[in-house]
Protein chains: 2
Amino acid sequence: MKRIDQVKGTFDQNKEKRRTAPSASTVKRLPRYHRYLARLLSEGTLRISSTALAERMHVTASQIRQDLAVFGDFGQQGYGYNVRYLHHKISRILGLTAGHRVVFIGMGDAARALLSSPVFVRGDLQAAAVFGGDAVGEMPAYSLADMERELPAIGATIAVVSLSAEAAQACLPTLAACGIRGVLNYTHTHLTPPDETMKIQNVYLDEPCLLLSYQVGASEENED
Amino acid sequence: MKRIDQVKGTFDQNKEKRRTAPSASTVKRLPRYHRYLARLLSEGTLRISSTALAERMHVTASQIRQDLAVFGDFGQQGYGYNVRYLHHKISRILGLTAGHRVVFIGMGDAARALLSSPVFVRGDLQAAAVFGGDAVGEMPAYSLADMERELPAIGATIAVVSLSAEAAQACLPTLAACGIRGVLNYTHTHLTPPDETMKIQNVYLDEPCLLLSYQVGASEENED
């Protein structure tokens, strides 16, 4: 028995090690797991096999087992996944239980659309204030010039930026100094973080449209 | 010499074969190549080595050579890539030279944001009409009930859908019957194509926000 425990100990250490650095592709799939699990919960499904989850998500069951194993053992042999537990765990991994507050720097159409997406409607992330844009809902609105004075007290960690590319790049050091650690970039231009601790997600809204154009073109070619 | 030609012939056949089915990950990178090449062109850069292009795009040079080789030989040994030629070729591969017309079914904030993205501003894709939503710019606006009558004559191949999930799913057969081959889905819910020839891009605007939440959470954990 002792040897088995020792071996198990080694496995757990490896698991712990892997848990600190999941692959980029596994991380990319987490929002998708979160979305499907939230839907299962809302449908009242409390237990699901990796095979059934895989079928719904259009991936392989082994892919799911592999992805989720990186973050710990969620499934039980012969039982499948406990949906509520798995949803909670993935919410936690995604940082949604930390109650991140989000500020909007500029308020463009994309930012407005984001505000009516499930993550904000459900309150997984909290819209806290607008700087340099029109007020939306109950959020207070400030001018860009008030950022240094007002932003630190708001306690936001994420900023959604929809200014011009130049103005957006110029305000990043101020955002970093005021506690912003993550930036969602809606400027259509690559932004460079002012330091290593700031994370940036550059969003190109027209990319899926270009892919559609490719796919439609490709199927027309096949018909020739 | 003959043998070399024969060998070359074999290579070309393989190339042709691969050209019909590039990998999904290569295709996903094409909009990015298109974006960077458009920027290089606007800066007046007419020639670039794969190494320099790789540096700008934050990928490896061998990745670039491999991606572009799938669609044909764009680079010349010792010269690099001709930016204008490569931009034109990728535009063509992406179907942008086909002059796709795009209709908007419903007009939400996301669709409005898309209309001000580079692909529409530059005219790579043409916004043609709105059904069931407010008119934007010079596009004519029709009611949803007029779709069957008006849509075929517009000659659109792509539709951007921002209705409720149920209404969106219900209108897909009509869209298909009226010539729509690709659908950009802004409903926050997975849509299923009514037949194999219709392509759907399901867009989840909050996904990059969840990834930021993950990244910010992860860096906080590292500090503990």
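Note that the coordinates shown come from a computational prediction; the quantities given were computed from them, not determined experimentally. (Residues numbered from 1 in each chain as written. Chains lettered and ligands numbered in written order. Predicted model: local features only at pLDDT ≥ 70, side-chain atom pairs only at ≥ 80, totals over all residues. Heavy atoms only, no water.)

Asks: Break down the overall build of chain A for me, citing the residues and quoting the values.
Replies: On a plain count of helices and strands, chain A comes out with 10 helices and 9 strands. A burial count over chain A gives 46% of its 224 residues as buried. Looking at chain A alone, contacts between residues at least 24 apart form 54% of all its contacts between residues at least 6 apart. Element-wise, carbon and sulfur atoms account for 49% of the exposed surface of chain A, whose accessible area totals about 11300 Å². (Helix = DSSP H or I, 4+ residues; strand = E, 2+ residues; numbered from the N terminus. Buried < 20%, exposed > 50% of the residue type's maximum accessible area, 1.4 Å probe, protein only. Contact = heavy atoms within 4.5 Å. Areas by Shrake-Rupley, 256 points an atom, 1.4 Å probe, with all protein chains shown as cover.)

Asks: Give me the lowdown on the interface of chain B and chain A, citing residues and values where you can.
Replies: Counting residues at the interface gives 59 residues for chain B and 59 residues for chain A. With both sides pooled, the region where chain B packs onto chain A buries about 5300 Å², and carbon together with sulfur makes up 67% of that total. There are 2 salt bridges connecting chain B and chain A. Residue Glu207(A) pairs with Arg35(B) through a salt bridge whose shortest N-O separation is 3.0 Å. Along the contact surface separating chain B from chain A lie 10 residue pairs in polar contact (both at pLDDT 80 or more). Of all the secondary structure elements, the ones that give two or more residues to the side of chain B that touches chain A are α2 (24-42), α6 (109-115), α7 (118-121), β8 (182-185), β9 (199-202) and α10 (207-223) of chain B. The element contributing the most residues to the side of chain B that touches chain A is α10(B), with 14 residues. Residue composition of the side of chain B that touches chain A, grouped by class: 31 nonpolar, 16 polar and 12 charged. (Buried area = accessible area lost by both parts, 1.4 Å probe. Salt bridge = Lys/Arg side-chain N within 4 Å of Asp/Glu carboxyl O. Polar contact = N/O pair within 3.5 Å; in protein donor to acceptor, adjacent residues only side chain to side chain. Nonpolar A, V, L, I, M, F, W, Y, C, P; charged D, E, K, R; others polar.)

Asks: Which residues make up the relation of the copies chain B and chain A, and what values do they have?
Replies: Overlaying chain B on chain A yields an RMSD of 0.0 Å, the required transformation being a rotation through 180 degrees with an accompanying axial translation of 0.0 Å. Taken together, the rotation and translation relating the two chain copies correspond to the operation of a two-fold axis. When the interface residues of chain B are mapped onto chain A, 100% of them again fall at the interface, so both copies present the same face. (Least-squares fit on C-alpha atoms with pLDDT ≥ 70 in both.)

Asks: Could you give me a rundown of the sheet that holds β9(B), with the residues and numbers involved?
Replies: Residue and element names in this part refer to chain B. Strand order in the open sheet made by the 6 strands is β6-β5-β4-β7-β8-β9, with parallel pairing throughout. Strands with a single pairing partner mark the edges of an open sheet, and in this sheet they are β6 (141-142) and β9. Note that strand β4 (residues 101-105) and strand β7 (residues 158-161) share 4 bridges and pair parallel. From the neighbouring strand, Val 102 faces β7, where its bridge partner is Ile 158. Docked against the sheet, helix α8 (residues 147-154) engages β4, β5 (126-131) and β6, running at close to 175 degrees with respect to β5. Against the sheet, helix α9 (residues 165-177) touches β4, β7, β8 and β9, its axis set at about 165 degrees to β7. (Pairing = 2+ DSSP bridges. Axes fitted to C-alpha atoms, helices over the stretch in contact; angles between N-to-C directions.)

Asks: So what's going on with α8(B)? Which residues, and what values?
Replies: Residue and element names in this part refer to chain B. Burial in α8 covers these residues: Met 147, Leu 151 and Ile 154. For α8, the angular spread of the buried residues around the axis is 60 degrees, confining them to a single face. Of the residues in α8, the exposed ones pointing more than 90 degrees away from the buried face are Glu 148, Arg 149 and Ala 153. In this structure, the buried side of α8 is in contact with β4, β5, β6 and α9. Positive phi shows up at Gly 155, right after α8, with a value of about 70 degrees. (Arc of directions from axis to C-beta.)

Asks: Account for helix α2 (residues 24-42) of chain A, with residues named and values stated.
Replies: Residues and elements named next belong to chain A. Under the 1.5 Å per step criterion, the end-to-end length of α2 is 28 Å for 19 residues, consistent within 8% with the ideal 27 Å. At Leu 30, α2 is bent by approximately 30 degrees, the largest bend along its length, and proline Pro 31 sits one to four residues beyond. Buried within α2 we find Thr 26, Val 27, Arg 29, Leu 30, Pro 31, Tyr 33, His 34, Arg 35, Tyr 36, Leu 37, Ala 38 and Leu 40. (Expected span 1.5 Å × (residues − 1). Bend = angle between axes of the 7 residues up to and from the residue.)

Asks: Give me the lowdown on the packing of helix α3 (residues 50-57) of chain B against helix α4 (residues 61-69) of chain B, citing residues and values where you can.
Replies: Residue and element names in this part refer to chain B. Taken N-terminus to C-terminus, the directions of α3 and α4 make an angle of 105 degrees; their axes are 8 Å apart at the nearest point. Considering their axes alone, α3 and α4 lie roughly perpendicular with respect to each other. Together, Ser 50, Thr 51, Leu 53, Ala 54 and Met 57 of α3 and Ala 61, Ile 64 and Arg 65 of α4 make up the contact between the two elements. Of the residues assigned to the contact of α3 with α4, the class counts are 5 nonpolar, 2 polar and 1 charged. (Parallel < 35°, antiparallel > 145°, perpendicular 65-115°, else oblique.)

Asks: Lay out the nonpolar core with the relevant residues and their values.
Replies: Counting residues in each nonpolar core, the largest one holds 93 residues, and the members touching the most others are Phe104(A), Leu114(A), Phe120(A), Phe104(B), Leu114(B) and Phe120(B). Here Phe120(A) is in contact with Val102(A), Phe104(A), Leu114(A), Leu115(A), Leu125(A), Gln126(A), Ala127(A) and Cys209(B), once residues within four sequence places are set aside. (Core = buried A, V, L, I, M, F, W, Y, C linked by side-chain atoms within 4.5 Å.)

Asks: Go over the environment of Leu86(B), please, and point to the residues and values.
Replies: When you line up the elements, Leu86(B) lands in helix α5 (residues 83-93). For the pair Leu86(B) and Leu37(B), spaced 49 residues apart in sequence, the C-alpha separation works out to 7.7 Å.

Asks: So what's going on with the sheet that holds strand β4 (residues 101-105) of chain A? Residues and values would help.
Replies: Residues and elements named next belong to chain A. Here we have 6 strands laid out as an open sheet, ordered β6-β5-β4-β7-β8-β9, and parallel in their pairing. In this open sheet, the two edge strands, each paired with only one partner strand, are β6 (141-142) and β9 (199-202). Along the sheet face, helix α8 (residues 147-154) touches β4, β5 (126-131) and β6 and points at about 175 degrees away from the line of β5.

Asks: Which residues make up the packing of α2(B) against α4(B), and what values do they have?
Replies: Residues and elements named next belong to chain B. Taken N-terminus to C-terminus, the directions of α2 and α4 make an angle of 105 degrees; their axes are 10 Å apart at the nearest point. One way to sum up the angle between α2 and α4 is to call them roughly perpendicular. Between α2 and α4, the contacting residues are Thr 26, Arg 29 and Tyr 33 on the first element and Gln 63, Ile 64, Asp 67 and Leu 68 on the second. Its residues assigned to classes, the contact of α2 with α4 shows 3 nonpolar, 2 polar and 2 charged.

Asks: Residues and numbers for the pairing of β7(B), please.
Replies: Residue and element names in this part refer to chain B. Side chains Ile 158 and Val 160 project from β7 onto one buried face, and the interleaved Ala 159 and Val 161 project onto a second face that is buried too. The sheet contact formed by β7 and β8 spans 4 bridges and is parallel. Each residue of the ladder has a partner; that of Ile 158, found in β8, is Gly 182. Read as a crossover between parallel neighbours, the route from β7 over α9 to β8 is right-handed. (Right-handed = clockwise from strand over helix to strand, strands pointing away.)

Asks: Account for the layout of surface pockets, naming residues and giving values.
Replies: Roughly 2300 Å³ of volume is contained in the largest pocket. Every residue lining the largest pocket is counted, 49 residues in all, and those nearest its centre are Lys28(A), Glu207(A), Leu211(A), Lys28(B) and Glu207(B). Going through the elements one at a time, α2, β9 and α10 (207-223) of chain A together with α2, β9 and α10 of chain B are the ones with two or more residues in the lining of the largest pocket. Residue composition of the lining of the largest pocket, by class: 25 nonpolar, 12 polar and 12 charged. (1 Å grid on protein atoms, 1.4 Å probe; cavity = no way out; pocket = protein on both sides within 12 Å on 5 of 7 lines; lining within 4 Å. Points joined across faces, edges and corners; volume = space filled by probe spheres on them.)

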